[in-house]
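A closer look at the structure
Letter by letter, the chains look like this.
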Amino acid sequence: MKATQILRTSKSDLKASTVHETFLLKGNFIQKLGAGIYQLMPLGFLAYQKIYEIIDEELKAIGFLSFRAPIVHPASIWEKSGRYDDFGPEMVKFKNRSAEKFVLAPTHEEPVNLIAKKLINSYKDLPLALNQIQTKFRDEPRARGGLIRLREFTMQDGYSFHTNQEDLDKFYNDVRAAYLRIFKRLGFEVKVVAATSGAMGGSGAEEFMILAQDGSDQIAICEKCDYAVNIETLVEGDAEVCEKCGGDLKMEKTIELGHIFKLGDKYTKAFELTYDNEKGEKKYPVSGCYGIGLERALASIVETHHDDKGIIWPSEVAPFDYYLIALGEKANEEAKKLYEKLAKEGKEILFDDRENSAGEKFADADLIGCPKRLVISDKTLANNQVEIKDRATGAIELKNLSEF
RNA sequence: CGGAGUAUGGUGUAAUGGUAACAUGCCUGUUUUGGGAACAGGUGACUCUGGGUUCGAAUCCCAGUACUCCGACCA
């Protein structure tokens, strides 16, 4: 892709309240429409799609079926579950011209359970795992922190249904492992933290956290073993020593990237979702649910992968692999050829074909943060070479044009 | 939802009751290319909305809306 089409960086010293928002706004990855409401610009959407694909791929690989629920729901399905009145003011309710009642989905248990009810009749239909990556809207009283806490956001939300606890436990562990693979591919070092499943009911829950200065969660980490726990679950004065080994606990600010729950039969009971067992008896499946916030993941990648000049994308989520700069007219001709060749081979390359000064192109290459920067200039052309600079390490190597 | 503040070209700011200015961006041209270049010309804001005070309002007053920060709430 060409910079003249997609790149609109800002030279201003704009400073948002968080690092990721500063760089994402400066590089024009995102645009703010209102508090907690942002749109992804073409550049930002490229990175977002990479995240989407990684999550989708890993979850399909362990057996999730993809579905897609709507964002606007008729109020009736929420009235039926009893949550139309219970959910609280963060759920937006509205009426259309015919005074029919609707809600904007803050979560998707209601439609998912309707899908599951269609698909599950018999024990033979279990286990079943359903997944979607879809928009949620929550009218947060105070959205803040850039993309960390949005009102409209995208969430991967998966749900699984099982005949018994052992089967749920097994699948839960599969999801746990898939989540660890996802977060590794996204470039994170996550801590899996014991969490309360109180509000959701059920038998267990864990959160996937990263340490981050701008985080709004706090966890307690044991200084001796690898035990970590959300401080929300530390209520009864045991907030000072590790319950595993007795070591001292240290408080750290974190961002929660994902959350997995064993729900038991709370929701299947609430939604009257049953199956027939071998004896023909009606039983409630036990279920689990699993979620990752995509914009929050995007923001967190920037929070954990940057220097003072800009973003340093992990290779799997970078919007482009290469950022190509040409200096001088002769170099520009060669760069154009190289760009077309690499593009034809399917390489993801951003060619800075703008007429801007050299310094501006270098600064933007750092800001945008593609893993490799290619420079062609009179200097490199003297030996028919291209300079390759690694964004993360700063290491520079020269390669012959013919080797590309 | 409680407390405080802000609202002016695309962006960032100035003008404190009397002609809306500066920088940047953008457009044209010339020149320039290894770390945010230079010159020249040009473009662009009925100063958030509605009301009020005044000869006169970006400026003062009232209401609304939006945004920011602190707190509560939530993930």
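Treat the numbers as computed from the prediction; the structure is a model and nothing was measured.

1. A look at the overall build of chain A
Of regular secondary structure, chain A possesses twelve helices and 23 strands. Overall size of chain A, expressed as C-alpha extent along the three principal axes, is 80 × 60 × 40 Å. The buried share of chain A, reckoned over its 404 residues, is 50%. For chain A, the share of sequence-separated contacts (at least 6 apart) that also reach a separation of at least 24 residues comes to 67%. On chain A, roughly 19,500 Å² of surface is accessible, and the fraction owed to carbon and sulfur atoms is 48%. Side chains of chain A give 56 positive and 65 negative charges; the mean places of these two sets differ by 3 Å.

2. A few points about the pattern of salt bridges
Applying the stated criterion across every chain, the model contains 26 salt bridges. A salt bridge links lysine 101 to glutamate 79; its shortest N-O distance comes to 2.8 Å. Placement of lysine 101 in strand E6 (residues 101-104) and of glutamate 79 in helix H4 (residues 75-81) is noted, with a sequence separation of 22 residues between them. Glutamate 79 gets classed as partly exposed once you look at its relative accessible area, which sits at 39%. Linked through salt bridges whose partners overlap, the residues forming this network are Glu57, Glu58, Arg181, Arg185 and Glu316.

3. What to know about the domain arrangement of chain A
When its domains are assigned, chain A resolves into domain 1 (3-307) and domain 2 (320-403). When each unit is reduced to the centre of its C-alpha atoms, the spacing between domain 1 and domain 2 is 38 Å. In this complex, domain 1 contributes 14 residues to the contact, which on the side of domain 2 involves 13 residues. Applying the counting rule to domain 1 against domain 2 returns three salt bridges. Linking domain 1 with domain 2 are six residue pairs in polar contact (both at pLDDT 80 or more), by the criterion used here. Looking at the side of domain 1 that touches domain 2, the elements with two or more residues in it are helix H1 (3-6), helix H2 (19-26) and helix H3 (42-61). When grouped by side-chain class, the residues that make up the side of domain 1 that touches domain 2 number seven nonpolar, three polar and four charged.

Cut-offs applied
- Residues numbered from 1 in each chain as written.
- Chains lettered and ligands numbered in written order.
- Predicted model: local features only at pLDDT ≥ 70, side-chain atom pairs only at ≥ 80, totals over all residues.
- Heavy atoms only, no water.
- Helix = DSSP H or I, 4+ residues; strand = E, 2+ residues; numbered from the N terminus.
- Buried < 20%, exposed > 50% of the residue type's maximum accessible area, 1.4 Å probe, protein only.
- Contact = heavy atoms within 4.5 Å.
- Areas by Shrake-Rupley, 256 points an atom, 1.4 Å probe, with all protein chains shown as cover.
- Lys, Arg positive; Asp, Glu negative; His and termini not counted.
- Charge placed at Lys NZ, Arg CZ, Asp CG, Glu CD.
- Salt bridge = Lys/Arg side-chain N within 4 Å of Asp/Glu carboxyl O.
- Domains from an automatic or database assignment.
- Polar contact = N/O pair within 3.5 Å; in protein donor to acceptor, adjacent residues only side chain to side chain.
- Nonpolar A, V, L, I, M, F, W, Y, C, P; charged D, E, K, R; others polar.

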